[in-house]
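Coordinate inspection notes
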Amino acid sequence: QVQLVESGGGLVQPGGSLRLSCAASGSISSISAMAWYRQAPGKQRELVAARSRIGSTSYSDSVKGRFTISRDNAKNTVYLQMNSLQPEDTAVYYCNAGRWVAGLGYRGGDYWGQGTQVTVSS
């Protein structure tokens, strides 16, 4: 079993920044990739950013150039640096542990964090 714990969410004004953290513990030896998803009320869950253990990354078009995903493998932690935040970024952000498939990219796994709320409002 894998446990994921997110932190770093909060209320921020448009144009501001936040950094989310997700710490993994448990049976993590088989985890090859981690990712951030988000879900706003009434909308589909969206894959925001993903990163493999060796550094391959992917981003949704809506956040590319503003968000950066990184991993500290020694600490079993993944981060999401969010800059130039806009109201459209308001959502619950979830950490996910999955796999990176050659030629296809990230594929989500069954392990999720509890979610952390990000609200962008003036």
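To keep things clear, this report deals only with the structure shown in the data block. (Residues numbered from 1 in each chain as written. Predicted model: local features only at pLDDT ≥ 70, side-chain atom pairs only at ≥ 80, totals over all residues. Heavy atoms only, no water.)

A short note on the pattern of salt bridges
Opposite charge on two side chains makes pairing possible when the charged atoms of those side chains draw close. For the coordinates displayed, the defined rule picks out 3 salt bridges. Between Arg38 and Glu46 there is a salt bridge; the shortest N-O distance is 3.0 Å. Classification of Glu46 as partly exposed rests on a relative accessible area of 26%. Several salt bridges converge on common partners, so that one network encompasses Arg38, Glu46, Arg66 and Asp89. (Salt bridge = Lys/Arg side-chain N within 4 Å of Asp/Glu carboxyl O. Buried < 20%, exposed > 50% of the residue type's maximum accessible area, 1.4 Å probe, protein only.)

Observations regarding the state of the cysteines
Enumeration according to the criterion identifies 1 disulfide in this entry. Disulfide pairing is shown between Cys22 and Cys95; the S-S distance is 2.1 Å. Handedness here is read from the sign of the S-S torsion; for Cys22 and Cys95, about -85°, the answer is left-handed. With Cys22 in strand S3 (residues 18-26) and Cys95 in strand S9 (residues 91-101), this residue pair connects regions lying 73 residues apart in the sequence. Residue class for Cys22 comes out buried when judged on its relative accessible area of 0%. Taking relative accessible area as the criterion, Cys95 reaches 0% and is therefore assigned buried. (Disulfide = S-S within 2.5 Å. Helix = DSSP H or I, 4+ residues; strand = E, 2+ residues; numbered from the N terminus.)

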